[in-house]
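A closer look at the structure
The lines below spell out each chain.
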Amino acid sequence: MADLPTVRSCATSEVHERLLRTVEGYADARTNIEGQAWRAAMRPGTVGRSGCTLIPVVVHVVHRTNAEDISLAQIQSQIDILNDDYRGQNADVSTVPSAFSGLVGDARIQFELASTDPDGNPTDGITRTRTNVNGFSSNDDVKRAADGGADAWPADRYLNLWVCRLAGGLLGYAQFPGGPAATDGVVVTHTGFGNTGTAAAPFDQGRTTTHEIGHWLNLRHIWGDDGTGCSGDDFVADTPNQAGFNTGVPTFPSISCSNGPNGDMFMNYMDYVDDAAMVMFSKGQVDRMQAALDGPRSSIGSSTPCVGVDDGPGEKPPWKEWIKDNPKDWIKDNPKDWIKEPIKESPKDWIKEPIKELPKDPPKEFPKEGSKDGIFDPVGPVVGPIDPIGPVKLDTPDLPFVIGTGAGAGFGGQRRSAAADALRTQMWALYNVLATHGLEGSVAQGVQQAEALYRQENG
Ligand SMILES: [Zn+2]
């Protein structure tokens, strides 16, 4: 078979940047989604669905040759792999070095081939389409019947997986949450799908699909998509800062960005290593995926018992009990909604004890300077520069939006502007200041309370 991939490649970032350029509203949607993810990260373990989530999958097999018309066995092997990987039940999770084994997460997500089609009729969850296209690219033609592909099923109810021959050694790509429904889902080349049939080494263990669905659930590449620099960020606190991607089967430790002695978490599904070498999501990544299920992916999937794991990340942390408010009441998806009324209670009342595990520092180093080719400058349309201690404009709905911008929403990792990074730095500085007073539970509420104190003390 020609052009079988030898090194992992993923076009998700490229597609993300194309959507930023071409789809009106996508950048704003990404900003809001990153804001929601950021707020969720401030409350690790409190945002997300309880128990496990069962997601119905439709596999669109788009084939030019009989070989590309992959078997049910190959499709089912992929579903089985996903169900292991997204529960941390893959046998090779035992290969995680002890330095990282405490960070292995159970994403509490399971997958099944859809049993009902969009019209309510029984289905095996597979569509099969003959095409004349000899190798698709990341231009989404495979997602359109008019271009030789297969149309998506409603993306608010199904995870669409397209399996076809991708040209040029491309293994797959995904669309982050916030993009058009018609192209929402994951594309994987048939030789990288499942572990039987046409699956070909070294991408024959189904991990390309695990990786791409990670993107579909809002995960970024673990090295931060900044080339080989140390300034990119995956917005997950427990993944070490990492320079570029790792390939093949690295030897532990693989050190970069002064992240010794343990080095890169190259055995993570969101790196670029071979299938045999990627074996885990981190707990922070699980929180971020659960935030996506609580936010932009909230319409999809159904609750199902978590079976097979008797404890671990799926358990609610004990401090959930003493956070009296339902987080959903005050973490709203719409930034304009969740900070409209002044806080009535005293700061100490609405959270009984400080949370021990919140990050005290930015998860990664901030870029020393931004590139000049930002897609857009968030400072203009959003809010002017803010001083974390002084005259923050707390009475406007801008603040949560700034938080969203601060999380790097809407930017390719290497294209974040210096202004956006400065805002993010300031938000973290603000967070840390608040943390010293036990106000860190919600930056927005805490800031609002700080402002009230500021006004009280300064007339
Ligand atoms: Zn990727």
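These lines cover the structure that appears in this document, whether it is placed above or below. (Residues numbered from 1 in each chain as written. Predicted model: local features only at pLDDT ≥ 70, side-chain atom pairs only at ≥ 80, totals over all residues.)

1. So, the overall build of the chain
For the chain, the helix and strand inventory stands at eleven helices and seven strands. Long-range contacts, defined as pairs at least 24 residues apart, comprise 73% of the intrachain contacts of the chain with a sequence gap of at least 6. (Helix = DSSP H or I, 4+ residues; strand = E, 2+ residues; numbered from the N terminus. Contact = placed C-beta atoms within 7 Å.)

2. Looking at the packing of helix H2 (residues 26-41) against helix H6 (residues 283-294)
Working note: a packed helix pair is described by the angle between its axes plus the distance between those axes. Look at H2 against H6: their axes get within 9 Å of each other, and the N-to-C directions meet at 125°. As far as their axial angle goes, H6 and H2 are oblique. Once H2 is placed against H6, the crossing between them reads as right-handed. Side by side, H2 and H6 meet where Gln36, Ala37, Ala40 and Ala41 of the first sit next to Asp287, Arg288, Ala291 and Asp294 of the second. The residue inventory of the contact of H2 with H6, partitioned by class, reads four nonpolar, one polar and three charged. (Axes fitted to C-alpha atoms, helices over the stretch in contact; angles between N-to-C directions. Parallel < 35°, antiparallel > 145°, perpendicular 65-115°, else oblique. Left-handed = near helix turned anticlockwise from the far one by under 90°. Nonpolar A, V, L, I, M, F, W, Y, C, P; charged D, E, K, R; others polar.)

3. Considering unusual backbone geometry
The residue after Phe252, namely Pro253, is reached through a cis peptide bond having omega -5°. By the secondary structure assignment, Pro253 is in the loop between helix H5 (207-216) and H6. Cis rather than trans, the peptide bond between Gly260 and Pro261 has omega equal to 5°. You can see Pro261 is positioned in the loop between H5 and H6. In the Ramachandran plot, Arg108 falls in the positive-phi region, its phi being about 55° despite a non-glycine side chain. Relative to the elements of secondary structure, Arg108 occurs in the loop between helix H4 (98-101) and strand E2 (109-113).

4. Overview of the nonpolar core
In terms of nonpolar packing, the biggest core is built from 83 residues, with Val57, Leu161, Trp162 and Val163 touching the most fellow members. The contact partners of Val57, leaving out residues within four places of it in the chain, are Ile79, Phe111, Glu112, Leu113, Ala114, Gly125, Tyr158, Leu159 and Leu161. (Core = buried A, V, L, I, M, F, W, Y, C linked by C-beta atoms within 7 Å. Buried ≥ 20, exposed ≤ 12 C-beta atoms within 10 Å, placed from the backbone.)

5. Notes on helix H1 (residues 12-22)
Of all the residues in H1, the buried ones are Thr12, Val15, His16 and Leu19. Angular distribution of buried residues about the axis of H1 spans 105°; they occupy a single face of the element. Among the exposed residues of H1, those oriented more than 90 degrees off its buried face are Arg21 and Thr22. (Arc of directions from axis to C-beta.)

6. Observations regarding the packing of helix H3 (residues 72-85) against H5
Relative to each other, H3 and H5 sit at 60°, their axes nearing to 9 Å. One element, H3, and the other, H5, form an angle in the oblique class. Judged by the sense of rotation from one axis to the other, the crossing of H3 with H5 is right-handed. Between H3 and H5, the residues in contact are Gln78, Ile81, Leu82 and Asp85 and Thr209, Thr210 and Ile213, respectively.

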